[in-house]
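# Architecture at a glance
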Amino acid sequence: MKKLENRLTPAPEIDIESILLGKPSKTLVVFAHGAGANMHSDFMEQVANDLAQTGVQVLRFNFLYMQANMQDGKRRPPDRAPKLLNYYQQVLVDIEHQIKQGNLITENIILMGKSMGGRMSAIITTPELSDIAKVEIHPEFDQVKKRIKAVMCLGYPFVPLKGGEPRLSPINDASVPVMVLQGERDKFGGKTEIPLWPLSDAIKLGWIIDGDHSFKPRKSSGATLEANLQDCVEQCKQFIDLHV
């Protein structure tokens, strides 16, 4: 598939590394990466490129810790949630600046994230955002927040690897519609565990056949990663069309 790509020039005070895919569209999907793989990972690139072929624009970006990792080759753990959320706000506010400058024709924003990126995408829409310690609400965030129509979580990290209670409040308390696409074998919460948890009935839950946390199936299942990623994109597009 032909990749339709360009890079936005951020406002001077913000250092944002991002890639914009797709022809001009009134709908922009903002795609946040997971904890361990940056916006250039195969998963991020394929999902972003295939989704952009459906008629929406897709902007993926790197959080600051991942930018630092790429610059010096060191592998850092993710920043804590407040720092991630403060930067995510900056990314969204910069999109609003680009709209005002005529560089984007965006009217509707869909937040989408892989694993940790999906969790941050949900949290940033909750009324409790301002109550999180060390989260600073950007003075222009409320303006761009009005454009956010939905959140899509790809491989939501329900339970930390060390165990514990499922992290349901970000998706249960989101102020916009939420879809969770989950591999049936996801070690952070799969088809066996999730039905046992008090997930809001308002959340759309979709399954990826025999998928792990990155939707990769076992050969014995008869499914393929390519087919699973295509299924992911198709479910995302159907969800987007319902809410824009």
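Presented here is a report on the structure given in the accompanying data block. Remember, it's a predicted structure, so these values are computed and weren't measured experimentally.

Thresholds applied
Residues numbered from 1 in each chain as written. Predicted model: local features only at pLDDT ≥ 70, side-chain atom pairs only at ≥ 80, totals over all residues. Heavy atoms only, no water. Phe/Tyr/Trp six-rings, centres within 6.5 Å; stacked < 30°, edge-to-face > 60°. Lys NZ or Arg CZ within 6 Å of the ring centre and 35° of its normal. Core = buried A, V, L, I, M, F, W, Y, C linked by side-chain atoms within 4.5 Å. Buried < 20%, exposed > 50% of the residue type's maximum accessible area, 1.4 Å probe, protein only. Helix = DSSP H or I, 4+ residues; strand = E, 2+ residues; numbered from the N terminus. Pairing = 2+ DSSP bridges. Expected span 1.5 Å × (residues − 1). Contact = heavy atoms within 4.5 Å. Axes fitted to C-alpha atoms, helices over the stretch in contact; angles between N-to-C directions. Parallel < 35°, antiparallel > 145°, perpendicular 65-115°, else oblique. Nonpolar A, V, L, I, M, F, W, Y, C, P; charged D, E, K, R; others polar. Left-handed = near helix turned anticlockwise from the far one by under 90°. 1 Å grid on protein atoms, 1.4 Å probe; cavity = no way out; pocket = protein on both sides within 12 Å on 5 of 7 lines; lining within 4 Å. Points joined across faces, edges and corners; volume = space filled by probe spheres on them. Salt bridge = Lys/Arg side-chain N within 4 Å of Asp/Glu carboxyl O.

## Describing the packing of aromatic side chains
Taken as a whole and assessed by the stated rule, the structure comprises 8 aromatic pairs. Here the basic side chain of K114 rests over the ring of F43, its NZ or CZ set 5.4 Å away from the ring centre.

## Observations regarding the nonpolar core
Ranked by internal contacts, the top residues of the largest apolar core, which has 47 residues, are V30, Y88, L92, F158 and I171. In terms of residue count, the dominant contributor to this core is helix α3 (residues 81-100) (9 residues).

## Here's the deal with the pairing of strand β5 (residues 108-114)
Among the 7 residues in β5, 7 count as buried, and that is most of the element. Residues N108, I110, M112 and K114 point to one face of β5 and I109, L111 and G113 to the other, with burial holding for every one of them. Where strand β3 (residues 27-32) meets β5, 6 bridges bridge the pair, whose relative direction is parallel. By the bridge assignment, A32 is partnered in β5 with G113.

## Describing helix α7 (residues 225-243)
Along its 19 residues, α7 runs 27 Å from first to last C-alpha, staying within 8% of the 27 Å computed at 1.5 Å per residue. Those residues of α7 that sit buried are N228, L229, C232, V233, Q235, C236, K237, F239 and I240. Here the buried face of α7 lies against β3, α1 (42-52), β5, β6 (148-154), β7 (178-183) and β8 (204-208).

## What to know about the packing of α3 against helix α4 (residues 116-123)
Interhelical geometry of α3 versus α4 gives an angle of 70 degrees and a closest axis separation of 10 Å. Here α3 is positioned roughly perpendicular relative to α4, judged by the angle of their axes. From α3, A81, L84, L85 and Y88 reach across to α4, where they touch M116, G117, M120, S121 and I123. Split into classes, the residues belonging to the contact of α3 with α4 amount to 7 nonpolar, 2 polar and no charged.

## Side note on the packing of α1 against α7
Between α1 and α7, the shortest axis-to-axis distance is 10 Å and the interhelical angle comes to 50 degrees. One element, α1, and the other, α7, form an angle in the oblique class. With respect to the hand of their crossing, α1 and α7 are arranged in right-handed fashion. Listed contacts from α7 to F43, Q46, V47, D50 and L51 of α1 are E226, L229, Q230, V233, C236, K237 and I240. Split by residue class, the contact of α1 with α7 holds 7 nonpolar, 2 polar and 3 charged.

## A word on the environment of V144
Of note, V144 is situated in helix α5 (residues 141-145). Taking the C-alpha atoms as reference, V144 lies 24 Å from D79; in sequence the two are 65 residues apart. For V144, the residues in contact, after removing those within four places along its chain, are L92, V93, E96 and I109.

## Structural notes on the layout of surface pockets
What the largest pocket holds in volume is close to 810 Å³. Taken together, 34 residues form the lining of the largest pocket, with G34, A35, G36, P78 and M116 sitting closest to its centre. When residues of the lining of the largest pocket are traced back to their parent elements, those giving at least two are α1, α2 (64-72), α3 and α4.

## Overview of the pattern of salt bridges
Per the counting criterion, the structure on display carries 8 salt bridges. The residue E107 makes a salt bridge to K26 at a minimum N-O spacing of 3.9 Å. Here K26 lies in the loop between β2 (18-21) and β3 and E107 lies in the loop between α3 and β5, a separation of 81 residues in the sequence. Under the relative-accessibility criterion, E107 is labelled partly exposed at 42%. In this structure, K191 and E184 form a salt bridge, with 3.5 Å as the shortest nitrogen-oxygen distance. A relative accessible area of 25% means that E184 is categorised as partly exposed. Connected via shared salt-bridge partners are R185, D210 and R218.

Without other data, these values stay purely geometric and don't point to any function.
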